[in-house]
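One letter stands for each residue in the lines below.
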Amino acid sequence: MQTIIQTTPTVRDNELLARCAAIARAAAEGGNHPFGALLADRAGEVLLTQGNKFSDGGSVMHAETLLVFEAVRRYTPSFLSSCTLYTSVEPCAMCSGAIYWSGIGRLVYGLSERDLLSMTGNNEENPTLDLPSATLFSYGQRAIAVAGPTDDEDLRRLIAFDHQGFWEKR
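So, how was this worked out
Residues numbered from 1 in each chain as written. Predicted model: local features only at pLDDT ≥ 70, side-chain atom pairs only at ≥ 80, totals over all residues. Heavy atoms only, no water. Helix = DSSP H or I, 4+ residues; strand = E, 2+ residues; numbered from the N terminus. Expected span 1.5 Å × (residues − 1). Buried < 20%, exposed > 50% of the residue type's maximum accessible area, 1.4 Å probe, protein only. Arc of directions from axis to C-beta. Contact = heavy atoms within 4.5 Å. Pairing = 2+ DSSP bridges. Core = buried A, V, L, I, M, F, W, Y, C linked by side-chain atoms within 4.5 Å. Right-handed = clockwise from strand over helix to strand, strands pointing away.

Caption draft 1: Region of interest: helix H1 (residues 11–29). Over its 19 residues, H1 runs 27 Å from end to end, which matches the ideal 27 Å to within 8%, given 1.5 Å per residue. Those residues of H1 lying buried are Asp-13, Asn-14, Leu-16, Leu-17, Cys-20, Ala-21, Ile-23, Ala-24 and Ala-27. The arc that holds every buried residue of H1, seen down its axis, measures 165°, which confines them to one face. Set apart from the buried face of H1 by more than 90 degrees, the exposed residues are Val-11 and Glu-29. Lining the buried residues of H1 we find strand S2 (36–40), strand S3 (46–51), strand S4 (84–89), strand S5 (106–111) and helix H7 (153–161). Phi for Gly-31, located one or two positions after H1, is positive at around 90°.

Now the structure itself:
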C-alpha cells in the first residue's frame, strides 16, 4: 500500500479548477451532468478538456474517464506521470481507477465526493460512492499526489452552483 499525501490546492490549481467549473457548466447546458475536467502538463499548460457526456451513454460517461481515455491515446505513460488531472468534483471509484491505470501523477479536485452526495441525494443517475480517491489510490502500487478539496469558498460556490437544483429535475 502507498501512503498518499493529500494537500490543499494552490492558487494556480484553483485557477484551473475554475476552468473545470466552466467546462462543467457547458456540459450541463448541453444536457449532461455538470462535471468538467482538464489535463495540464508540468508547467500548468492545459492539454485536454472534457465535460460529462451522460447523453452519449449514461452514467459511465464521466468527464474524468473520457479525458483519461483521450490522454492515453495521445501521450506516453512517462509524460502522463508529470501531468495533473483537474476536476470540478472528486472522481468516483471508476474515474480514480482510470487515473491510476493511466499513470497520471497528480489529481486536483474542487469539491469532495461527500460534498457531491449532499447535493445529489439518492439520484439514480449519480449513485455516489463514499470512497475518497486518496483512499483508493492508497491501495495501489504507485503514488499519486492528491490535492483537494479546495478551501477557496468562492470557488466552492462556483462549482456547486450548477448542481443546485440540477439533480432534483432529473
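Caption draft 2: Examining the sheet that holds strand S6 (residues 145–147) more closely. Ordered by their spatial adjacency, six strands build an open sheet running S1-S6-S5-S4-S2-S3, and the pairing between neighbours is mixed. Strands with a single pairing partner mark the edges of an open sheet, and in this sheet they are strand S1 (6–7) and S3. Pairing between S5 and S6: three bridges, direction parallel. Bridging from a neighbouring strand, Val-108 pairs with Ala-147 of S6.

Caption draft 3: Fine view of the nonpolar core. The biggest cluster of nonpolar side chains holds 21 residues, and the ones touching the most others in it are Leu-39, Leu-85, Ile-99, Ile-104, Leu-107, Phe-137 and Val-146. For this core, the element with the highest residue contribution is helix H2 (residues 63–74), accounting for four residues. Not counting the four nearest positions on each side in its chain, Leu-39 is found in contact with Glu-45, Val-46, Leu-47, Leu-48, Leu-67, Ala-71, Tyr-75, Leu-80, Cys-83, Thr-84, Leu-85 and Ile-104. Counting residues in hydrophobic clusters, the runner-up holds 20 residues, among them Ala-40, Tyr-86, Val-108 and Ile-159.

Caption draft 4: Inspection of unusual backbone geometry at higher detail. Of note, the bond from Gly-148 into Pro-149 is cis; its omega dihedral lies within 30 degrees of zero at -5°. For Pro-149, the location among the structural elements is in the loop between S6 and H7.

Caption draft 5: View of the pairing of S5. In terms of burial, S5 is a largely internal element, five of the six residues being buried. In terms of strand pairing, S4 meets S5 through five bridges, oriented parallel. Looking across to S5, one finds that Thr-87 is bridged to Tyr-109. Assessed by its sense of winding, the connection that carries the chain from S4 through helix H4 (residues 93–102) to S5 is right-handed.

Caption draft 6: Expanded view of the environment of Thr-10. Considering the arrangement of structural elements, one finds Thr-10 in the loop between S1 and H1. With relative accessibility at 40%, the residue Thr-10 sits in the partly exposed group. The spacing of Thr-10 and Tyr-75 is 65 residues in sequence and 25 Å in space, taken between C-alpha atoms.

Caption draft 7: Region of interest: H4. In terms of burial, H4 is a largely internal element, eight of the ten residues being buried. Here H4 has its buried residues at Ala-93, Cys-95, Ser-96, Gly-97, Ala-98, Ile-99, Tyr-100 and Ser-102. Buried residues along H4 sit in contact with H2, helix H3 (77–80), S4, S5 and helix H6 (133–138).

Function cannot be read off these values alone, since they describe shape.
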